[in-house]
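This is what each chain is made of:
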Amino acid sequence: MTAQLLSGKPIAEAIKAEVAAEVASLGYRPGLAVVRVGEDPASAVYVGSKVKTTEELGMHSEHIHLPADASHDGVLSIVKELNARDDIDGILVQLPLPEQVRDREILEEIDPAKDVDGFHPMNVGRLSQGYDALVPCTPAGVIQILKRSGLEIAGRHAVVVGRSNIVGKPMAMLLLQENATVTICHSRTRDLPAITQQADILIAAIGRPGFIRGEHIGDGATVVDVGINNVSDQDFASELFSEGELPKRIAAIEKRGFTLVGDVNPKEAVERAAYFTPVPGGVGLLTVAMLMRNTLEAAKARRGR
Ligand code: GUN
């Protein structure tokens, strides 16, 4: 079997076009504030893309960038100011935060109505009880890829590998809401391949490059790779990529020092799976698109449409 690749691009573009069309019809501009603390290079790239896309879709964007030594109280007071502002509908505090800033307290300070990341316990609780909520962007994007690719979720066995608050746990909740049978696996799971092989839908959100191998994948499964890892070792890269793909990856390592790799070994996955989301070009593109949708939904709910 050779898996069909599920490209995130056309799906992300469709969602962004839907959001832009709705924004244009509103008569006001939804506003998204993104708070970034310090100089994490990956965060700088992600935030840049969030700011740019917000503006492209006709929404108001603010980027608040604080130095790496910003105090906990300083970050907290910015969140409070943004909570109080009527023109700001969405607040996102980019993670990770520097050590002195207590992230849980910051996230709990965000007004749940403006919590476009869906990380506030109020939204987490609402999601788990099946009520309307702002839901985390990356797992919401995975659901969109599956649905818009015409892949059935109801009644299927979905196995989520990873239990983070950002992806694994909300992913499991969203799949459950779509009537999948859901199993959550993690670093303490015994005989992982025996469980993941049973998956009709396998979601990899572990944070280790190429961790999911052929032996983990049942024939004909749909494999969704949520990982984003940097790989700089050329020998390791040659274990991950086919002859067709490898030269491009080696060139990237030579030029930039790394290549982007998911949590799944793509060379082995395409031999077993029926459908597979590539990295880059898969789930990652959906995260920003769903953030845009969340910002629009938060604005409509706050402003009575
Ligand atoms: N860091 C990595 N992923 C995310 C995310 O989805 N939201 C925020 N705020 N920070 C992140």
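In the block above lies the structure referred to throughout.
Remember, it's a predicted structure, so these values are computed and weren't measured experimentally.

**Re the pattern of salt bridges**
Taken as a whole and judged by the stated rule, the model has 18 salt bridges. A salt bridge links Lys-16 to Glu-13; its shortest N-O distance comes to 3.5 Å. Highlighted residues: Lys-16 and Glu-13, both in helix H1 (residues 8-24), separated by three residues, approximately one helical turn. Relative accessible area serves as the criterion here: at 16%, Lys-16 is assigned to the buried category. Notably, a salt bridge pairs Glu-297 with Lys-300, separated by 3.7 Å at the nearest N-O pair. Pair noted here: Glu-297 and Lys-300 are both in helix H12 (residues 283-302), with a separation of three residues, about one helical turn. Classification of Lys-300 as buried rests on a relative accessible area of 8%. One network of salt bridges, with partners in common, ties together Glu-22, Arg-293, Glu-297 and Lys-300.

**As for unusual backbone geometry**
The linkage connecting Leu-95 with the following residue, Pro-96, adopts the cis geometry, with an omega of 0°. Here Pro-96 lies in the loop between strand E4 (90-93) and helix H4 (103-109). Between Val-279 and the following residue, Pro-280, the backbone shows a cis peptide bond with an omega angle of -5°. Residue position: Pro-280 is located in the loop between strand E11 (275-276) and H12. Phi angles above zero are rare outside glycine, and Asn-179 is one such case at about 70°. Summarising the element assignment, Asn-179 is placed in the loop between helix H7 (168-177) and strand E6 (181-185). The backbone of Arg-305 sits at a positive phi, close to 80°, despite the residue not being glycine. With respect to the element layout, Arg-305 can be found in the segment after H12. Arg-305 gets classed as exposed once you look at its relative accessible area, which sits at 60%.

**What to know about the site of the ligand**
With respect to spatial proximity, the complete set of residues near the ligand consists of Leu-92, Val-93, Gln-94, Leu-95, Asp-117 and Phe-119. Val-93 is positioned such that a nitrogen or oxygen atom in its backbone is 2.9 Å from a nitrogen atom of the ligand. In isolation the ligand has 280 Å² of accessible area, and contact with the protein removes 83% of it. Class assignment of the residues belonging to the shell around the ligand gives a composition of four nonpolar, one polar and one charged.

**A closer look at the sheet that holds E6**
Pairing within the open sheet is parallel, and its six strands lie in the order E1-E11-E8-E7-E5-E6. Both edges of this open sheet fall to strand E1 (4-5) and E6, since each of them pairs with a single strand only. Looking at chain direction, strand E5 (residues 157-161) and strand E7 (residues 201-204) are connected through four bridges and run parallel. For Val-161, the partnering residue across the bridge sits in E7 and is Ala-204.

**Examining the packing of helix H6 (residues 137-148) against H7**
In contact at an axis separation of 8 Å, H6 and H7 are set at 40° when each is read in the N-to-C sense. Looking at the two axes, H6 sits oblique to H7. Viewed along their axes, H6 and H7 form a crossing whose handedness is right-handed. Seen from H6, the contacting residues are Pro-139, Ala-140, Val-142, Ile-143 and Leu-146; seen from H7, they are Pro-170, Met-171, Leu-174 and Leu-175. Its residues assigned to classes, the contact of H6 with H7 shows nine nonpolar, no polar and no charged.

**Description of the sheet that holds strand E2 (residues 31-37)**
Here we have three strands laid out as an open sheet, ordered E3-E2-E4, and parallel in their pairing. The sheet is open, and its two edges are formed by strand E3 (60-66) and E4, each paired on a single side. In this sheet, adjacent strand axes meet at a mean angle of 15° when their direction is disregarded. Alignment of E2 against E4, held across four bridges, turns out to be parallel. By the bridge assignment, Leu-32 is partnered in E4 with Gly-90. The strands touched by helix H2 (residues 41-56) within the sheet are E2, E3 and E4, with E3 carrying the most contacts at an inclination of about 160°.

Reading guide: rules and limits
- Residues numbered from 1 in each chain as written.
- Predicted model: local features only at pLDDT ≥ 70, side-chain atom pairs only at ≥ 80, totals over all residues.
- Heavy atoms only, no water.
- Salt bridge = Lys/Arg side-chain N within 4 Å of Asp/Glu carboxyl O.
- Helix = DSSP H or I, 4+ residues; strand = E, 2+ residues; numbered from the N terminus.
- Buried < 20%, exposed > 50% of the residue type's maximum accessible area, 1.4 Å probe, protein only.
- Near = heavy atom within 4 Å.
- Polar contact = N/O pair within 3.5 Å; in protein donor to acceptor, adjacent residues only side chain to side chain.
- Areas by Shrake-Rupley, 256 points an atom, 1.4 Å probe, with all protein chains shown as cover.
- Nonpolar A, V, L, I, M, F, W, Y, C, P; charged D, E, K, R; others polar.
- Pairing = 2+ DSSP bridges.
- Axes fitted to C-alpha atoms, helices over the stretch in contact; angles between N-to-C directions.
- Parallel < 35°, antiparallel > 145°, perpendicular 65-115°, else oblique.
- Left-handed = near helix turned anticlockwise from the far one by under 90°.
- Contact = heavy atoms within 4.5 Å.

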